[in-house]
Amino acid sequence: MQVNVNSMLAYQSWMNQSANNVANINTELFDANRTVIEEGPVPVSESTGKPTDLAKEMTDQIVVADGFEAQASVIKTYDEMLGTLLDMKG
């Protein structure tokens, strides 16, 4: 279950970075950042050196939302199974 939680935290970081890029789309000289998710505890943010690509950010946000929902579903199922097991034992 910890893997699912870590994945949700990575998705949260990715969404925060994407939202920041969208919020600054009209800011002069703003270079978009991207989130790099690799093996390890913390996702890394790095500059792309380019302006924000709104189409990319919006499609990324759909992917992030779906991924976050999938991880939440796994945690919910785990919780329900554990509850059923405890009910059977008690």
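Residues numbered from 1 in each chain as written. Predicted model: local features only at pLDDT ≥ 70, side-chain atom pairs only at ≥ 80, totals over all residues. Heavy atoms only, no water.

Caption draft 1: Looking closely at the side chain of Gln-71. Mapped onto the elements of the fold, Gln-71 is located in helix H2 (residues 54–89). Excluding residues that lie within four positions of it along the chain, Gln-71 makes contacts with Asn-4, Ser-7, Met-8 and Tyr-11. (Helix = DSSP H or I, 4+ residues; strand = E, 2+ residues; numbered from the N terminus. Contact = heavy atoms within 4.5 Å.)

Caption draft 2: Examining the environment of Glu-39 more closely. Structurally, the position occupied by Glu-39 is in the loop between strand S1 (33–36) and strand S2 (44–47). A relative accessible area of 85% means that Glu-39 is categorised as exposed. In the structure, Glu-39 is positioned 20 residues away from Ala-19 in sequence and 23 Å away in space, judged by C-alpha atoms. (Buried < 20%, exposed > 50% of the residue type's maximum accessible area, 1.4 Å probe, protein only.)

Caption draft 3: Representation of helix H1 (residues 2–23). Compared with an ideal rise of 1.5 Å per residue, which puts 22 residues at 32 Å, H1 spans 31 Å between its outermost C-alpha atoms and is within 8% of the ideal. Residues of H1 that are buried: Asn-4, Ser-7, Met-8, Ala-10, Tyr-11, Gln-17, Ser-18 and Asn-21. (Expected span 1.5 Å × (residues − 1).)

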